[in-house]
Amino acid sequence: MLITFEGIDGAGKSTQINELADALSARDIETVILREPGGTAVAEQIRHLLLESSHEISPIGELLLFSASRAELVQGVIMPALASGKTVILDRFFDSTTAYQGYGRGLDKELLRSIIAISTCGLTPDITFYLDLAPEEALKRKFAKTSLPLAFEGDELDRMERSGLEFYHNVRQGYLEIARINSERFVCLNALDSITVIHDRIIALLGERFGA
Ligand SMILES: Nc1ncnc2c1ncn2[C@@H]1O[C@H](COP(=O)(O)OP(=O)(O)OP(=O)(O)O)[C@@H](O)[C@H]1O
Ligand SMILES: [Mg+2]
């Protein structure tokens, strides 16, 4: 089974993934946790370029780099893990591309669909948990332990996060629309709820849908 988590930076994806992985391993379900971009030697180098570098990258270059990282991860790790019966939990997948490069950067959605189909070999998650949070709230979380001004800029943030508040508003609207269009696969969760409330909902939904 392939479970993906989506949401803007700081929405709580890593927090919920760790909680879910603990719950699944307590039930002896073999679980692999992966994140995008990254997960293979080549994909991790692409991650470095995309997030930790200060290079200017064009929107189309960014799309292709994320997609190259995805192709490596899907073919090298995700497909083999699924084939051996493991549950894969993925921190971001192609919905991030539609939200960030499509709604955020404004790239053509048809172009994105073709490149997504190629980079994923057509692989689609069984279920996607979307953590919905306003960008202003996400910023508060990011800067919770600092006295820095709340802004999508500065060295504490990665290259994507420095894209600005309007960008993040567009990404959030994008996610909400993607969730509406793919309602059979998407579960929208209010990221303002407590960590435990969200986790319990995720467990309940997995139980309902898959008997997990
Ligand atoms: N439901 C919640 N309520 C309040 N704070 C939360 C909640 N979930 C996570 N947090 C806190 O918000 C911060 C960001 O959470 P987390 O790192 O899980 O987000 P993320 O979506 O993985 O972010 P990124 O995309 O940057 O990796 C952390 O400090 C975390 O403890
Ligand atoms: Mg995270």
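The coordinates are above.
Residues numbered from 1 in each chain as written. Chains lettered and ligands numbered in written order. Predicted model: local features only at pLDDT ≥ 70, side-chain atom pairs only at ≥ 80, totals over all residues. Heavy atoms only, no water.

## A few points about the environment of Arg-180
Phase 1 of the analysis: Tracing the backbone through its elements, the reader meets Arg-180 in helix H7 (residues 165-181).
Phase 2 of the analysis: A relative accessible area of 59% means that Arg-180 is categorised as exposed.
Phase 3 of the analysis: When the C-alpha atoms of Arg-180 and Ala-71 are compared, they prove to be 26 Å apart, with 109 residues separating the residues in sequence. (Helix = DSSP H or I, 4+ residues; strand = E, 2+ residues; numbered from the N terminus. Buried < 20%, exposed > 50% of the residue type's maximum accessible area, 1.4 Å probe, protein only.)

## Thoughts on the pairing of strand S2 (residues 31-35)
Phase 1 of the analysis: Here S2 shows a clear split, with Val-32 and Leu-34 buried on one side and none of Thr-31, Ile-33 and Arg-35 buried on the other.
Phase 2 of the analysis: Alignment of S2 against strand S3 (residues 87-91), held across five bridges, turns out to be parallel. Residue pairing for S3: Leu-34 is matched across the bridge by Leu-90. (Pairing = 2+ DSSP bridges.)

## Some words on the sheet that holds strand S4 (residues 127-132)
Paired through backbone hydrogen bonds, the strands of a sheet run either parallel or antiparallel to each other.
Phase 1 of the analysis: Pairing is parallel in the open sheet, where five strands are placed in the order S2-S3-S1-S4-S5. The sheet is open, and its two borders are formed by S2 and strand S5 (186-190), each paired with just one other strand. Averaged over neighbouring strand pairs, the angle between their axes works out to 20° when direction is ignored.
Phase 2 of the analysis: Of the pairings in the sheet, the one linking strand S1 (residues 2-6) to S4 comprises four bridges and is parallel in character. Across the sheet, Glu-6 pairs through a bridge with Tyr-130, a residue of S4. (Axes fitted to C-alpha atoms, helices over the stretch in contact; angles between N-to-C directions.)

## Points about helix H8 (residues 195-210)
Phase 1 of the analysis: For H8, built from 16 residues, the straight-helix expectation of 22 Å at 1.5 Å per residue is met to within 8% by its first-to-last C-alpha distance of 22 Å.
Phase 2 of the analysis: Those residues of H8 lying buried are Ile-198, His-199, Ile-202, Ile-203, Leu-205 and Leu-206. Around the axis of H8, the buried residues are gathered within 165° of arc, so they sit on the same side. Among the exposed residues of H8, those oriented more than 90 degrees off its buried face are Thr-196 and Glu-208.
Phase 3 of the analysis: Looking at the buried side of H8, the elements it contacts are S1, helix H1 (13-26), S4 and S5.
Phase 4 of the analysis: Looking one or two residues past H8, Gly-211 carries a phi angle of roughly 65°, positive in sign. (Expected span 1.5 Å × (residues − 1). Arc of directions from axis to C-beta. Contact = heavy atoms within 4.5 Å.)

## Some remarks on the packing of aromatic side chains
Phase 1 of the analysis: Enumeration according to the criterion identifies seven aromatic pairs in this entry.
Phase 2 of the analysis: Look at Phe-5 and Phe-129: their rings are 5.4 Å apart centre to centre, the planes differ by 35°, and that puts the pair in the tilted class. Pair noted here: Phe-5 is in strand S1 and Phe-129 is in strand S4, with a separation of 124 residues, a long-range link. Across the pair, exposure class does not vary: Phe-5 and Phe-129 are buried alike.
Phase 3 of the analysis: Centroid distance Phe-93 to Phe-94: 5.1 Å. Interplanar angle 50°. Geometry classified as tilted. (Phe/Tyr/Trp six-rings, centres within 6.5 Å; stacked < 30°, edge-to-face > 60°.)

## Notes on the site of ligand 1
Phase 1 of the analysis: Around ligand 1 sit 17 residues in total, of which Gly-10, Lys-13, Ser-14, Thr-15 and Asp-193 are the nearest.
Phase 2 of the analysis: Note that an oxygen atom of ligand 1 is positioned 3.2 Å from one of the backbone N or O atoms of Ala-11.
Phase 3 of the analysis: The contact in question runs from an oxygen atom of ligand 1 to an N or O atom on the side chain of Ser-14, over 2.7 Å.
Phase 4 of the analysis: Surface burial for ligand 1 is 69%, taken as the share of its 640 Å² of free accessible area covered by protein chains.
Phase 5 of the analysis: The cavity where ligand 1 resides is the largest pocket. (Near = heavy atom within 4 Å. Polar contact = N/O pair within 3.5 Å; in protein donor to acceptor, adjacent residues only side chain to side chain. Areas by Shrake-Rupley, 256 points an atom, 1.4 Å probe, with all protein chains shown as cover. 1 Å grid on protein atoms, 1.4 Å probe; cavity = no way out; pocket = protein on both sides within 12 Å on 5 of 7 lines; lining within 4 Å. Sits in = over half its atoms within 2 Å of the grid points.)

## Overview of the layout of surface pockets
Phase 1 of the analysis: What the largest pocket holds in volume is close to 760 Å³.
Phase 2 of the analysis: Taken together, 36 residues make up the lining of the largest pocket; nearest its centre are Asp-9, Gly-10, Lys-13, Lys-142 and Glu-161.
Phase 3 of the analysis: Elements represented by at least two residues in the lining of the largest pocket include exactly H1, helix H2 (41-52), helix H3 (59-83), helix H4 (94-104), helix H6 (135-142) and H8.
Phase 4 of the analysis: There is about 260 Å³ of room inside the second largest pocket.
Phase 5 of the analysis: Phe-94, Asp-95, Thr-98, Tyr-103, Lys-109, Leu-112, Arg-113, Ile-116, Ile-178, Ile-181, Asn-182 and Arg-185 together form the lining of the second largest pocket.
Phase 6 of the analysis: Contributions of two or more residues to the lining of the second largest pocket are made by H4, helix H5 (109-120) and H7. (Points joined across faces, edges and corners; volume = space filled by probe spheres on them.)

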